[in-house]
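# Structure assessment
Here's the letter readout for the chains.
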Amino acid sequence: IVEGRRKNAVFFKRRFGKLSSVSIQNEVGESSWFGFALVFSNGELRNKAIQLFEKNSIDCRPVVAGNFTLNPAIKFFDYSIHGDLNSTNKIHNCGLFIGNHHYDVTNELNKVAEILESIS
């Protein structure tokens with residue numbers, strides 16, 4: 001399963017690394033590549049991408065990160081914030097995540113990339 005996902009990741013990095021409107025994740029170590037994170041240059045582009053993905057039946061989710069202090073559950077925790085949360089807010093407002101599979105998904109990734117190219 002992981003081998004198939006990594007093959008898709010090679011294509012993802014090559015295809016999406018050329019897009020000017022998004023930054024893609026960098027692999028540190030050996031990732032299982034269960035999905036692909038995209039961080040847009042601004043929230044407006046992210047929202048436009050989400051609308052087009054929905055229109056084209058492409059699932060996406062928030063990046064499994066972001067600014068947890070904006071989650072209503074935060075009221076149940078004792079916490080403190082050190083410094084600003086600029087990077088966290090960038091991921092929260094401009095990031096999204098699309099899934100991967102162990103089957104070849106190059107055609108699907110091409111479709112996603114074409115949508116992103118249409119809005120950049």
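Higher on the page you've got the structure.
Now for a description of the structure that goes with this document. (Residues numbered from 1 in each chain as written. Predicted model: local features only at pLDDT ≥ 70, side-chain atom pairs only at ≥ 80, totals over all residues. Heavy atoms only, no water.)

### Some details on the packing of aromatic side chains
- In this structure the tally under the stated criterion is 6 aromatic pairs.
- Centroid distance Phe68 to Phe77: 6.0 Å. Interplanar angle 75 degrees. Geometry classified as edge-to-face.
- Look at Phe77 and you get partly exposed, because its relative accessible area is 49%.
- Through a chain of ring-to-ring contacts, three or more aromatic side chains come together here, namely Phe12, Phe16, Trp33 and Phe36. (Phe/Tyr/Trp six-rings, centres within 6.5 Å; stacked < 30°, edge-to-face > 60°. Buried < 20%, exposed > 50% of the residue type's maximum accessible area, 1.4 Å probe, protein only.)

### Some points on the pairing of strand S3 (residues 95-99)
- With respect to burial, S3 is a largely interior element, 4 of its 5 residues being buried.
- Where strand S2 (residues 35-40) and S3 come together, 5 bridges link them in antiparallel fashion. Counterpart to Leu38 in the pairing with S3 is Leu96. (Helix = DSSP H or I, 4+ residues; strand = E, 2+ residues; numbered from the N terminus. Pairing = 2+ DSSP bridges.)

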